[in-house]
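Understanding the architecture of this molecule
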Amino acid sequence: MGEAGATVVCTGRSSSAKALRSDYDRPETIEETAELVTQLGGTGLAAAVDHLDADQVKSLAEQLRKDHDHIDVLVNDIWGAELLKGGPAEWNTPIWKHDLDKGLRILRLAIDTHLVTSHHLLPLLIDEPGGLVVEVTDGTADYNATRYRLSVYYDLAKVAVNRLAFSQGHELEPYGATAVAITPGWLRSEMMLDNFGVSEENWRDAIDETSAGHDGPAAPADFALSESPRYVGRAVVALASDPGRARWTKKSVSSGQLAVAYGFTDLDGSQPDIWRYIEEIRENDLEANPADYR
């Protein structure tokens, strides 16, 4: 969005200016994110906020009203439960064996945060027609409807966010605003790159564990279809820039689907679509060149 020249207020708990505890305890900060926005041509602003704390989000809304008067686009990609969901060895644990406190924390982080944020920030978006709300989740509504996603708690969280976009779309229509759920594919976040011992500059080395630039575990072959965070960001920009964006309201789509619809690409000029690969190839035990889905 900075690349498109927008003023972007980056919120979260990982801040160098305010002591808020993040579940991840990662070194990255919202101030660094805001600086990236500015470097790419926008205006990046950082605001330290715990989105589970309704009073903090209310204060954020008041400050945004004072400083900017209005919000054109609200991107709600709050998650924070990556550590709680665990790795493959912990997936498929039935609810009666799953740690209840961890499970309920997943729902608080993944659902309550979105509701609190929408409650306080949507009034700044509906006071003029044309607003856009993007709810970020994992898996489209169609995909998740017929597939069990890791655990009862993770499954419920990701399905709920898709439905939230649908519900908000219904409520926003009278105000000329649009709500869409977007799922990225295999996202190369800093955490994911660290898992495989690579960086964004040499991420392909993770597929070849013999590579000199790789000192972590080998990634599966379909990591070749992973995408940078900028890809789904460009998906949001495409929607925000489309005067006919209302045709997407209440829908659930992937970054790959929107890339085809709007023609944007990832940083390397490709259009990765791992969801289509999963449905057409992986789930049918077929073989294909990942490059055909990029």
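Residues numbered from 1 in each chain as written. Predicted model: local features only at pLDDT ≥ 70, side-chain atom pairs only at ≥ 80, totals over all residues. Heavy atoms only, no water.

Turning our attention to the sheet that holds strand β5 (residues 178–183). Strand order in this open sheet of four strands is β3-β4-β5-β6, and the pairing throughout is parallel. Sheet topology places β3 (73–76) and β6 (252–254) at the edges, where each strand pairs with a single neighbour. Strand after strand, the sheet turns through a mean of 25 degrees between neighbouring axes, direction not considered. In this structure, β3 lies alongside strand β4 (residues 132–136), joined through four bridges in parallel fashion. What sits directly across from V73, in β4, is L132. The strands touched by helix α9 (residues 255–262) within the sheet are β5 and β6, with β6 carrying the most contacts at an inclination of about 80 degrees. (Pairing = 2+ DSSP bridges. Helix = DSSP H or I, 4+ residues; strand = E, 2+ residues; numbered from the N terminus. Axes fitted to C-alpha atoms, helices over the stretch in contact; angles between N-to-C directions. Contact = heavy atoms within 4.5 Å.)

What follows deals with the pattern of salt bridges. Scanning all chains against the criterion turns up 21 salt bridges. Residues D127 and R65 are paired through a salt bridge, measuring 2.8 Å at the closest nitrogen-oxygen approach. Residue D127 is found in the loop between α4 (100–121) and β4, and its partner R65 is found in helix α2 (residues 54–68); the two are separated by 62 residues along the sequence. Here R149 ties to D138 by a salt bridge, and the two come within 2.7 Å at their closest N and O atoms. Taken together, the residues span a long stretch of sequence, with R149 in the loop between α5 (141–145) and α6 (152–172) and D138 in the loop between β4 and α5 at a distance of eleven residues. A single burial state applies to R149 and to D138, both of which are buried. Linked by salt bridges that have partners in common, R204, D266, D268 and R294 make up one network. (Salt bridge = Lys/Arg side-chain N within 4 Å of Asp/Glu carboxyl O. Buried < 20%, exposed > 50% of the residue type's maximum accessible area, 1.4 Å probe, protein only.)

Glancing now at unusual backbone geometry. One non-glycine residue with positive phi stands out, namely K250, at about 75 degrees. As for its placement among the helices and strands, K250 is situated in the loop between α8 (229–241) and β6. One non-glycine residue with positive phi stands out, namely D285, at about 55 degrees. Assessed through its relative accessible area of 72%, D285 is described here as exposed.

The residue K158 is located in helix α6 in this model. Notably, K158 is buried but unbridged: the nearest opposite-charge side chain belongs to D138, and the N-O separation is 5.8 Å. Ignoring any residue separated from it by four or fewer positions in sequence, one finds K158 in contact with W79, T137, D138 and N144. (Lys, Arg positive; Asp, Glu negative; His and termini not counted.)

To continue, consider α2. In a regular helix each residue adds 1.5 Å, so 15 residues correspond to 21 Å; α2 covers 20 Å between its end C-alpha atoms and thus fits that length. Of the residues making up α2, those classed as buried are Q56, V57, L60, A61 and L64. Looking down the long axis of α2, one finds its buried residues gathered within 145 degrees of arc, a one-sided arrangement. Of the exposed residues in α2, the ones pointing more than 90 degrees away from its buried face are D55 and K66. On its buried side, α2 packs onto β1 (7–12), β2 (43–48) and α4. By the N-cap criterion, in which a side-chain oxygen at the helix start approaches the backbone nitrogen of a residue two or three places on, α2 is capped by D53, the distance to D55 being 3.0 Å. Of the residues one or two after α2, D69 is the one with positive phi, at around 75 degrees. (Expected span 1.5 Å × (residues − 1). Arc of directions from axis to C-beta. Polar contact = N/O pair within 3.5 Å; in protein donor to acceptor, adjacent residues only side chain to side chain.)

Summed over the entire model, instances satisfying the criterion amount to nine aromatic pairs. Taking the centre distance of 4.9 Å and the plane angle of 65 degrees together, the rings of Y143 and W275 count as edge-to-face. Taken together, the positions of Y143 in helix α5 and W275 in helix α10 (residues 274–280) put the pair 132 residues apart, joining distant regions of the chain. Look at W203 and F223: their rings are 5.6 Å apart centre to centre, the planes differ by 90 degrees, and that puts the pair in the edge-to-face class. Of the two residues, W203 is situated in the loop between α7 (190–195) and α8 and F223 in the loop between α7 and α8; the sequence distance between them amounts to 20 residues. Look at W203 and you get buried, because its relative accessible area is 4%. On the basis of relative accessibility, which here comes to 0%, the residue F223 falls in the buried class. A network of ring pairs unites the aromatic residues W186, F196, W203 and F223 as a single cluster. Over the face of the ring belonging to W79 we find K158, whose NZ or CZ atom lies 3.5 Å from the ring centre. (Phe/Tyr/Trp six-rings, centres within 6.5 Å; stacked < 30°, edge-to-face > 60°. Lys NZ or Arg CZ within 6 Å of the ring centre and 35° of its normal.)

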